[in-house]
Amino acid sequence: MLASKKALTLMGLLYIMATVLSGSTLFISVILISLAAAVIKTGFTLNWFRPPSRLTVRSITVLGIICLVTEGIIHRQAGIAAINLLVLGCALKFLEYSSERDSFVHAAALVFLSILPLIFHYQIFIALYLALAGILIVWIYISLTRRSTVGEDLRLMLRLFLPALPLTAVLFLILPRFGSFWVLPGNEKSGITGISTSFSVRNLENLYQSDKLVARVGFRGDMPSPLYFRVMTYSRYRNDEWSQDLLVSQDQNRIAYNPFAKSPKPKPSAPGGIEYDVMLEPTGTVFIPSLKFSGNSNDNAFYNKDDTYTVNKPGGSRELFHFTWYPEYAPETEKLYSRSFLRLIPGDNPRTAELTRRLTGHLAAPREKAEAIYSYFKNGFSYTLKPGRNGYQGRNHIDYFLMDSKSGFCVHYAEAMAIMLRMAGIPSRIVSGYAGGETVPDLNLVIIREYDAHAWTEAYIDGHWVTYDPVLLVSREFSQGQGYVTIRNGNEAPSGIAAFLKKLRDITENLEYSWSRFILNFDMTSQEQLLKNSLPLIFSLVFGGIALYVIFFLATLFGKKKLKRDPEEIRIMKRILQSISGTGITVETRETPEAVAAKLTAMTSGDSGTGMPAAGRKTAPSLNIRNCRDLAAEFAAAAALFRKLRYQRPSEKRKEIIRELRTHAEKIIKICTTS
């Protein structure tokens, strides 16, 4: 049985949904050829023109493969090329249906195609897509195996889906979680805006903000203030460029892409630990924002010497990391693991060196020196995102910032204080990360975006790294913990349509966070806790699902309306009529076999010497006069047998008549498909 128009429509909808959600990975040639296939299929379905020949379909297929291979070589991405091959194959298969097998092969290919969006999307809307795709897949197979109305299909799907829901919930809760065996490689060069493994103030001009989401941080206790999420530190200072310490970068290189890497983690013991979860977006980097003095329980999170956390490969999907922050943790000493914390460039910034001597020369204690340097930024300085590059190109750019410009953003202040601390003999480093963020009080949640990127200074005093953020003295908004959001948007609270949009955005963020935390990141740890604390709930779902299955099975078995399959002669006649429709001859639903036979007979008369009757040229563009005559004769014989089986009591055995009807059907299908 060839696919009906209903089945083809459903298959087309599934194809459109899957390809639209995978569109960012499709090659231009695949998109164009798929659109051409859609236009051709629509055209001959609506009888605008004759169906394409096999040679035409084969030519389009060869052209598509050549274009696909060419673009695959250019982009050098085998995984993306395989996805495009599947999309192209599913599109071209719509042009060629010659047997019942083709319909089921195409449906199976579309099932694989429908899985592709799960590779690229993990937002909450993917749940709606999965529900619609599941309904369409089941509906397609129902339409391919039986002839029924839409209402009958919906009732059957209701019988199928309702008992499956509790079983689906049980399987989700109890099946072991092993994580992803393979993910599509991402673009590792697309790092977090404003944070990189090295920087030089001489190369910075203006700070351009982006509202791209970086992470969501959910606290299970009181939310600390202020919030400083560490990402990485810079301690090497060479040629006016700051970069990571060699020991830290060597450790990160050692664990990079090593699935068996192990990293010891600190286990601070202190009262008042606050648990928090970091829902990290696929940033294309290995860094995990975290609070200082945090413990972690994830196997794929690695602790670095500078009190930061990284993963062993850039994340290709959203990931959840469990942390515990110990605000009262005070280790006896923190190791000064490198000599780079005091390194300076001799002879650079002489005015800054003189200023540092004037501020700290009369002081003995390192903490007093650090406080004196920090207090220098209280007066005369301003915060701006557009300081320009004038004055920052020379070797003495810190002199220019401290004495002349006195205006810049966080990196300028962090670098200036770090250099002054080193000139005073105090080891220092710059820390980059995120400050503040947008809070969602209902969920005790902090939303971190790229415009929350920040840099501050740490000084090594009395065996501990002490945080100093000069921007707090310059920017009133930062001192109030409001971050870049307030600096960019002002202090006024939104009203009117802006307030409505903000409320809508908060609701969306709440749903997105809950979806990611409780569904996408339902890992082995969450599963163990659920099985330990909610075992009665699991058993209730299991036995409830079994009971529901039994009830639906008995209701279906002993129900008054049982699903009946069409008699064989009706199924054969439907195949015949569908094959005839494929030639361009219009067969109405209300027409009887006798009416169709009369139409075919009329097409064989009135030949005007062109080899094709006038009526035939209009209604059957793919048939010549000889094919029309053969088709009319075979269909007349098939219609007589059908009438005998349906409305008369045949004297011969029924099986023999069915066999003869099937023989005529095969001849008719052959005439229609080979013309």
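As the structure is a prediction and not an experimental result, all values here were calculated from the model. (Residues numbered from 1 in each chain as written. Predicted model: local features only at pLDDT ≥ 70, side-chain atom pairs only at ≥ 80, totals over all residues. Heavy atoms only, no water.)

Undergrad: Hey, could you go over the nonpolar core for me, with residue numbers and the actual values?
TA: Core analysis: the largest hydrophobic core is formed by 64 residues, its most contacted members being F219, F229, I288, F377 and L402. In terms of residues, this core owes the most to one element, helix 13 (residues 410–423), which gives 10 residues. In this structure, L402 is in contact with T352, L355, Y376, F377, F381, A416 and M420, ignoring residues within four places of it in sequence. Core analysis: the second largest hydrophobic core is formed by 44 residues, M11, V57, I83 and L136 among them. (Core = buried A, V, L, I, M, F, W, Y, C linked by side-chain atoms within 4.5 Å. Buried < 20%, exposed > 50% of the residue type's maximum accessible area, 1.4 Å probe, protein only. Helix = DSSP H or I, 4+ residues; strand = E, 2+ residues; numbered from the N terminus. Contact = heavy atoms within 4.5 Å.)

Undergrad: Residues and numbers for the sheet that holds strand 17 (residues 453–461), please.
TA: The strand order across the open sheet built from 4 strands is 3-14-17-18, with neighbouring strands paired in antiparallel fashion. Strands at the two margins of the open sheet, each flanked by one partner only, are strand 3 (228–234) and strand 18 (464–468). Ignoring which end each strand starts from, the neighbouring axes of this sheet average 40° apart. Across 5 bridges, strand 17 lies against strand 18 in antiparallel orientation. Note on strand 18: the bridge partner recorded for A459 is V466. Running at roughly 15° to strand 18, helix 11 (residues 366–375) makes contact with strand 17 and strand 18 of the sheet. Helix-sheet contacts for helix 13 involve strand 14 (428–435), strand 17 and strand 18, and the interaxial angle to strand 17 is about 10°. (Pairing = 2+ DSSP bridges. Axes fitted to C-alpha atoms, helices over the stretch in contact; angles between N-to-C directions.)

Undergrad: Outline helix 10 (residues 350–360), supporting the account with residue identities and numerical values.
TA: Buried within helix 10 are the following residues: T352, A353, L355, T356, L359 and T360. For helix 10, the arc enclosing every buried residue in end-on projection is 160°, short of the 170-degree limit, so these residues lie on one face. Along helix 10, the residues that are exposed and aim more than 90 degrees away from the buried face are R357 and R358. Elements in contact with the buried residues of helix 10: helix 11, helix 12 (397–405) and helix 13. (Arc of directions from axis to C-beta.)

Undergrad: Please give an account of the pairing of strand 11 (residues 319–325) that cites residues and values.
TA: Summarising burial for strand 11: 6 of the 7 residues are buried, a large majority. Direction of pairing for strand 6 (residues 274–280) relative to strand 11: antiparallel, over a ladder of 7 bridges. Each bridged residue has a counterpart across the sheet, and for L280 the counterpart in strand 11 is E319. Bridging between strand 8 (residues 294–296) and strand 11 involves 3 bridges; their strand directions are antiparallel. Across the sheet, the residue bridging to S294 is W325, located in strand 11.

Undergrad: Outline the pairing of strand 6, supporting the account with residue identities and numerical values.
TA: Along strand 6, 6 of the 7 residues are buried, which leaves the element largely enclosed by surrounding structure. Where strand 2 (residues 213–219) meets strand 6, 5 bridges bridge the pair, whose relative direction is antiparallel. Looking at strand 6, one finds that R216 is bridged to M279.

Undergrad: Requested: an account of the confidence of the model for the protein, with residues and values cited.
TA: Here the protein averages 78 in pLDDT, and 77% of its residues register 70 or above. Element-level mean pLDDT values for the protein span from 38 in helix 16 (residues 483–489) up to 94 in helix 11. Note on residues 180–193: pLDDT is under 50 here. Beyond four places in sequence and across chains, it has 21 contacts. Long-range and interchain partners of residues 479–493, a stretch whose pLDDT sits below 50, account for 27 contacts in this model, where long-range means more than four residues apart. (pLDDT = per-residue confidence, 0-100.)

Undergrad: Describe the packing of aromatic side chains, listing the residues and the values that go with them.
TA: The full count for this structure, using the stated rule, is 19 aromatic pairs. Aromatic pair Y276 and F323: ring centres 5.3 Å apart, planes at 15°, arrangement stacked. One end of the pair, Y276, is in strand 6; the other, F323, is in strand 11, and 47 residues separate them in sequence. Judged by its relative accessible area of 0%, Y276 falls in the buried class. For F323, a relative accessible area of 2% translates into the label buried. Just above the ring of F381 sits the side chain of K406; from NZ or CZ to the centre is 5.4 Å. Lying across the ring of W465, R429 places its NZ or CZ 4.0 Å from the centre. (Phe/Tyr/Trp six-rings, centres within 6.5 Å; stacked < 30°, edge-to-face > 60°. Lys NZ or Arg CZ within 6 Å of the ring centre and 35° of its normal.)

Undergrad: Give me the lowdown on the packing of helix 1 (residues 5–21) against helix 5 (residues 100–115), citing residues and values where you can.
TA: Contact pair helix 1 / helix 5: the axes reach a minimum separation of 9 Å and the direction vectors enclose 25°. With respect to helix 5, the element helix 1 is oriented roughly parallel. In terms of crossing hand, the pair formed by helix 1 and helix 5 is left-handed. For the pair helix 1 and helix 5, the contacting residues are M11, L14, Y15, A18 and T19 in the first and S103, H106, A107, L110, L113 and S114 in the second. Its residues placed into classes, the contact of helix 1 with helix 5 shows 7 nonpolar, 4 polar and no charged. (Parallel < 35°, antiparallel > 145°, perpendicular 65-115°, else oblique. Left-handed = near helix turned anticlockwise from the far one by under 90°. Nonpolar A, V, L, I, M, F, W, Y, C, P; charged D, E, K, R; others polar.)

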